[in-house]
Each structure stands twice: as C-alpha cells, then as structure tokens.
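Each chain is listed here by its residues.
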Amino acid sequence: MTKRIFRSISLVAISIFLASGMLFMGVLYHYFSDVQRKQLQMQTQLAAQGVENEGITYFDGLEVGKGFRITWINQKGTVLYDSAEDTSKMENHLEREEIKEALQMGKGDSARYSSTLMERSLYCATELEDGTVLRLSIAQHTIFTLVLGMVQPICIIFVLAIVLSLFLASRLSKKIVKPLNEINLDQPMNNEGYDEVAPLLRRIDAQQCQIRKQSHELFQKTKEFETVTNGMTEGIVLLNAHQTILSINPAAIRLFETDASCRGKNILSINRNLDLQSLLAKTEEGKHAEMILELGSGTYQFDASPVMSDGNVSGMILLMFDVTEKERAEQMRREFTANVSHELKTPLHTISGCAELLSNGLVKEEDIAKFSTQIYTEAQRMIRLIEDIIRLSHLDEGAADMKREKVDLYAVAEKTIDLLGKEAKKAQVELGIEGEHAIVCGIPHLLQSIVTNLCDNAIKYNKKNGTVKLSVWNQEDCVQLLVSDTGIGIPKEHQERIFERFYRVDKSHSKEIGGTGLGLSIVKHAVRLHNATIDVESMENEGTTIIVTFPKM
Ligand code: ADP
C-alpha cells in the first residue's frame, strides 16, 4: 500500500510539475512575444518618422542590430531598400501579408516560421505618407529553440524536482500508511486513526464477535462430540470421501493398535484388511454396509454408513462393535445345543431299546428286572441332566431373583456331610469336616449347590477307602472353603478345562458313575455370582483339593 501511495503521489507530482512547466513556458513565451511585437511596432514607427524626414538618406550608415532587418517598399511592392539583401535580387513584396495590411489599413504585422521551424520572424509594416511602406522584422526564437536552449537548467530543475517529489512522496506515503499499520485488529474499537476507517473497524469488530461466538460454539460441540465418543466402548472413525481419517475415538485407536497421529492419514495406513477395504468401497458408492471382522484376538462388527451432501458421498462413518463375547456366547450356545442333544440321545436310545425288547416280549422273565432298572437309571440320568441344564440356564441369566443373605458356610458343609453320607458310605469313602463358623453373604441354595457338587465329585472320583475332607476357615480378608480328596486326581493338562460344560477327563468313567459333565460349570457360575474365586490343586492318583475363596463380609 505504501508503494502504491508513493507511486501515485510521485506520478501526480511529476505530472503536475511537467504540465505546469509546459504551461509556464507557453505563457512566458507568449508574453515575451507580445512585448517584442510591441517594441517592434514602436521601432517601426520611429524608423518611419526617420524615413519620412530624411528619405533614403536615413538608411545611410544605419546600423541594424543583430536579428533586425529593415525593408522599404514602394506602392508596387518593389523593394527600395533592404538591410539584409541586395534589393535587385529581391522579389515583389506586394503579396506579403503585413505589406498588404499596411497598404490597406496603414499598419500591418505578421509572423512567419523559417523553413526549419527553428526560428520565427516578426514583421511590422507601416505606410508612409508618400504611400511607400517601411517594414521592420526581427528574428525570434521559437518555443522549441527556447526549450532547446534551456535544456541544461530545465534538466537540473527537473531532476531536483523529481528527487524532491520522490522524497516528499515517500515521507507522505509513510505518514498516510502509519496510522493504518498501527491499527490493533485484536481490539478494532480501541483505535484512533482515520474517521474513514471507522466503519471498516466496526465491521471487523462485529465479525470478530461473530467468529468468537461461532468458534466457541464449535469448540463446545467438538468437546461434546469428543466427550461422547471418548466414553464410547464402540470404536468410531469419521472418514472423508477419500478415506482420510478425520476423527477417531480412543476405542478405535485401541482396536486398530494405532495412535492419535493417524488423523489426517488414509485408513489404509493403519489397517490393510481387504474385507475392510471392500466394505469402504461399497460405502463410497453411497450404500450402508456391515460385516464381522476378526481383529487381533477379538471379533468386531463393522458398520459403515455414507455421509451424503448434495447427492454425493462427502464422507463415511465407521462404527465398530466388539462382538467377541457375543460370538463366543453364540459359539458356546451352538456347542451346548449339540452337546445336550448328544447327551440326551444316548440314554433315550437305551430306554427306547429296552422298552422295545420288553414290549415285544423278547426279554426273559428273569431279565425283566434288569431291563427295568436300566430304563430307570437312564431316565434318572436324563432327569439329572435336564435339572442341571435348567440350573445352569438360570445361573446364565444372572439369578437376579435369588435373595442374598448371611450364610454360615460351616453349617452348609455340615449339612452336605449329612446329605452325602449315604453315598460316601456306598463308595466306601470317609467323609470329614474341620474348620470354624464363617459367615458369607450369599444365596443359600447356590452355596449349598457349590459344596454339594464339589463334595459329590470328591466322593465320585475317589478310591476305595479314600477320604474326603471339607474345611471352612476365616482368613484375614476372606473365607475359604476347601474340599480335599484322596482320589484319582486330575491330570495337569485337564485342570484348566474341567469347568467347561460337558467336559470330562474320562468320559466313560463319568457316565458310569452318573456324571452329567455340568457339575463344575454350575459351581463356577455360582462362585462367580458370589464374587468368589475357585482354584484347583491336584496330583494324579494322589488327590484333589478345590479351594473356593469368598470375599469377607
Ligand atoms: P461330572 O458330572 O462328569 O462329574 P463335573 O463338571 O462335575 O462333571 O466334573 C467335570 C470333570 O472333572 C469330571 O468328569 C472329572 O473328570 C473331573 N473331576 C471333577 N472333580 C474331580 C475330583 N475331585 N477328582 C478327580 N476328577 C474330578
């Protein structure tokens, strides 16, 4: 801006200087021409008087100044005398403008340029009493020669004027721009400058207010959005139409095992899964798409939706849900259904076979009792299995309807000894109890089910003349229930899996002794509902100790 003002001022100054210089020269030239013409008229008048008084003798010894010329012409135009040239060689002067004028009006004058235009001659003629005409002429410089003659001073003045103009223009432009440069745009209304700038400053102030308001709102909205997305367990990624990440929440960062620096990069830079690419390609066409993808150790559902503006896809929203648990539960359910069907099929086949033989009368009289017992045993197994399944599904649902209360675990253990005494005797296993009264907060019948199941297993998987010992102890910050036996033990590699549904170390042995394979699953569920933990310590052929640790009340 300073440069522009400087250029404009300089241009105006120089133009004005040149124009006024030219005008001044013109006016001056005109003025001096006029003065010279008047002088010439006066001199012509004086010379005319001299010629009238003295006749031709007037010219004798007459010294005409440099540039001056005097001519005397008769009425016919013949030159009688000329101070510059030989009269005999001179042509008739009757047609000359000033002569014509003098003959008609007594006086006449004219001006003529020389052939080179470098010089101009002023002519002044006056008619004498005898009818002759006396003419005086003077050579005058043209304005062009005048300028040429003054080139040096004009140039010096011109250069000085330009330097002065440039200097003043520079100072002036800086002075004009200074208040503008000093405007504090952060506080537009606190400026003292040009009144003309005030409306602009008011406008800037209003716009700044608006921008501040809008950016505050934007900040609030971004914060809200971030608070919401940061708290989400689902991953959310906003992409533009070219699959560049615009926003990514912490859950998605964790899922893609990346960091916040991935914002602004293409999603390909954090994941190159081809299925994900085809999902996004479908979304780029404006369609909603979803799929299940395995990422790391988890399973995720990816939902991609296009963001449309003016009928075009301007971005995409990618939502990721962790469905690992859901998938696992689904898988477990499928396995469970298959297992249940399988477990039910075997006793049903036995029952059906026996019943068929009996109904066809193909069983000997003495074997009828054996076949009936078989049917009864298998039916009992089925009943146990169905009861266990019902119990398990109840626990799966969280057992919300069951009330918690203070329960003495030692009393539960005592009751269990009573309940399973007969069974232990039958298996030739000695049942014992030790410990102290210990109160836990729990669901009484679930606690009973835990102890019964563990004790039942300890009897079932024991050896002849073996022992089972129930212990209940108050520890510093917990209550422990230990069920130890001197049975067959559990091989190390099976210890982790015995809590799985229908998992048995020795399937045939378990079936033989009436096991359903669900006992420990029920125990594990019940333990979890009491915020307790369960551990197994076992040595093959030596025995097993199952330790359940309850939090203290
Ligand atoms: P089951 O009805 O077959 O007893 P459980 O779920 O109660 O089913 O137990 C799963 C498996 O764990 C059993 O089949 C058995 O192989 C093993 N097991 C459980 N308790 C004991 C124990 N005290 N000693 C040895 N093995 C055991």
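For clarity, every value in this text was computed on a predicted model and none was experimentally measured.

The rules behind each value
Residues numbered from 1 in each chain as written. Predicted model: local features only at pLDDT ≥ 70, side-chain atom pairs only at ≥ 80, totals over all residues. Heavy atoms only, no water. Near = heavy atom within 4 Å. Polar contact = N/O pair within 3.5 Å; in protein donor to acceptor, adjacent residues only side chain to side chain. Areas by Shrake-Rupley, 256 points an atom, 1.4 Å probe, with all protein chains shown as cover. Helix = DSSP H or I, 4+ residues; strand = E, 2+ residues; numbered from the N terminus. Nonpolar A, V, L, I, M, F, W, Y, C, P; charged D, E, K, R; others polar. Buried < 20%, exposed > 50% of the residue type's maximum accessible area, 1.4 Å probe, protein only. Contact = heavy atoms within 4.5 Å. Pairing = 2+ DSSP bridges. Axes fitted to C-alpha atoms, helices over the stretch in contact; angles between N-to-C directions.

Caption draft 1: Spotlight on the site of the ligand. Surrounding the ligand, one finds 20 residues, the nearest of these being Asn457, Tyr461, Ser510, Thr516 and Leu520. Backbone polar atom of Val505 to an oxygen atom of the ligand: 3.1 Å apart, as the coordinates give it. Taking Gly517, its main chain carries an N or O atom lying 2.8 Å from an oxygen atom of the ligand. Contact with the protein chains covers 97% of the free accessible surface of the ligand, which is 530 Å². Among the elements of the structure, helix H11 (444-460) and helix H14 (519-529) are those that each provide at least two residues to the shell around the ligand. Examining the composition of the shell around the ligand, we find that 3 residues originate from one element, H11, more than from any other. Here the shell around the ligand is composed, by residue class, of 9 nonpolar, 8 polar and 3 charged.

Caption draft 2: Region of interest: the environment of Lys552. Of note, Lys552 is situated in the segment after strand E17 (543-551). Residue Lys552 is classed as partly exposed on the basis of its relative accessible area of 39%. For the pair Lys552 and Glu476, spaced 76 residues apart in sequence, the C-alpha separation works out to 8.4 Å. Aside from chain neighbours lying at most four places away, what touches Lys552 is Asn474, Gln475, Glu476, Asp477 and Cys478.

Caption draft 3: Inspection of the sheet that holds strand E8 (residues 289-295) at higher detail. Read from one edge to the other, the open sheet built from 5 strands follows the order E7-E6-E10-E9-E8, with strand pairing classed as antiparallel. Across the chains shown, the open sheet's two edge strands, defined by having one partner strand only, are strand E7 (245-248) and E8. Averaged over all neighbouring strand pairs, the angle between strand axes comes to 20°, with direction disregarded. Of the pairings in the sheet, the one linking strand E6 (residues 235-240) to E7 comprises 3 bridges and is antiparallel in character. Bridging across to E7, Leu239 finds its partner in Ile245.

By themselves these figures say nothing about function.
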